[in-house]
Amino acid sequence: MLKTPQATLNPDLLDTGTPPIPEAQGWARAYDGHNGPLIDLSQAVPGSPPPQELLQRLGEAAGATDSARYGAITGDLALREAYAKEIGSIYGARFSPSEIAITSGCNQAYVITMMALARAGDNVLLPTPWYFNHEMTLTMLGVEPRPLPCDPAAGFVPDVTDAEKLIDARTRAIVLVTPNNPTGAVYSAATIAAFAELCARRGLWLVLDETYRDFLPEGLARPHEVFAASAWQDSVIGLYSFSKAYAVPGWRLGAITAGEKVVAQIGKVLDCVQISPVRAGQAAITWGIEGIRDWREANRVEINARAALFRAAMAPLNGWRVLAAGAYFAYVAHPFAGVPAAEVARALVQERGVLALPGPYFGPEQEQHLRIAIANVAADRIGGLGERLKGFSV
């Protein structure tokens, strides 16, 4: 009797890890509330709703006939023009709408970009600790996520000399996330410039994920000077998310900034994946770029205040070390040598009602670390962290 062949799934997909946040949130369900309400520091979600005016604009746009029709593959022209003007003021350079593609969130922007840059068997350098969806995307595409270890003593800022040693004939890109997820570290303009020079010299792409750009500390006039360089279109691609700064993660809107020729190729992928981004959200954000600017600035100040409050709350705790903190995240070393980070995180939420994510979710050699998402937690909850952690042991 002939054996019936068994249908199989893509092996690269099967080798890709499961999204980790649901696992950690499952641990929280075992918390009985004996230490007060759960302090959920697991996921980077805006802690406040968007302004009512922005929601009204969304409602009006959703009721318009044009919103029910297909739009441009790379996004509606009005939003691309408004975003080009916005980033022009941020970076001190001129951008054309043809250098912008609007996507369904920044995660999609990253997937689309990686599909455009690399093929199965290639590799992309990811500084570790890394954002787990970046690693997952590469793995399922058959592209090697090559770790670029970052020294905690250097604030988890990657070193360009270390990166160059990892480049080989199959390297296609280096990805930098700044302000960083998961560590919160902010890379200096000099660091970003050094990586841009390396990529230009070696014929690679520098992919800058600046999802948390709007939450840079006060006084930092410009994130970097890379887009002011004359030939950035040949080796730099920028990624952005409207989710955090505008508090609209459910609208799924992101952006890619790249040379016109690159955007044209990216458009091929977008046509297969999304046809066009949801149009009502695009219309609302087009207005919101200027319309809620004051609200966005106030939100930036509040988020940075929470980061400072977190540092102050952790300072008296012997053994717990805040290795980096800023924008949405902090990265801490727990004091329990030899204890797996997942065991620490599970005990912490079940005994003290504080949910953080284990370091190994973010790459190799992270067992001593926990990631803290601080932006979505009210100031009084952050202030109470010290009391929750006092005397905690595993």
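Figured I'd write up the structure that's included with this text. Model, not experiment: these values are computed from the prediction.

## Observations concerning the nonpolar core
Judged by nonpolar contacts, the single largest core of 53 residues is most densely connected at F95, I174, L206, F242, Y246, I285 and Y328. Broken down by element, the residue count for this core peaks at 7 residues, all from helix α4 (residues 77-91). Apart from residues lying up to four places away in sequence, I174 is in contact with L125, A163, F195, L198, C199, L204, W205, L206 and V207. By size, the runner-up hydrophobic cluster in this structure holds 45 residues, among which are L323, A325, A345 and I374.

## Some words on the sheet that holds strand β8 (residues 254-257)
An order of β2-β8-β7-β6-β5-β3-β4 is seen for the 7 strands of this open sheet, with the pairing classed as mixed. Only two strands of the sheet have a single partner each, and these edge strands are β2 (100-103) and β4 (144-149). Strand-to-strand, the axes of this sheet are offset by a mean angle of 25°, without reference to chain direction. With 4 bridges connecting them, strand β7 (residues 236-241) and β8 associate as antiparallel partners. Residue S241 lies in a different strand from β8, and its bridge partner there is G254. Sitting on the sheet, helix α8 (residues 189-202) touches β4, β5 (171-177) and β6 (205-209), and the angle it makes with β6 is about 150°.

## Here we look at helix α10 (residues 279-291)
An ideal rise of 1.5 Å per residue puts 18 Å on 13 residues; α10 measures up with 18 Å between its terminal C-alpha atoms. Where α10 is buried, its residues touch α3 (52-62), α4, β2 and α11 (293-314).

## Topic: the environment of A356
Within the fold, A356 resides in the loop between β11 (354-355) and β12 (357-358). By relative accessible area, A356 is classed as buried at 1%. Sequence spacing of A356 and R213 is 143 residues, and the spatial spacing of their C-alpha atoms is 23 Å. The residues contacting A356, other than those within four sequence positions of it, are L41, A345, L370, R371 and I372.

The rules behind the values
Residues numbered from 1 in each chain as written. Predicted model: local features only at pLDDT ≥ 70, side-chain atom pairs only at ≥ 80, totals over all residues. Heavy atoms only, no water. Core = buried A, V, L, I, M, F, W, Y, C linked by side-chain atoms within 4.5 Å. Buried < 20%, exposed > 50% of the residue type's maximum accessible area, 1.4 Å probe, protein only. Helix = DSSP H or I, 4+ residues; strand = E, 2+ residues; numbered from the N terminus. Contact = heavy atoms within 4.5 Å. Pairing = 2+ DSSP bridges. Axes fitted to C-alpha atoms, helices over the stretch in contact; angles between N-to-C directions. Expected span 1.5 Å × (residues − 1).

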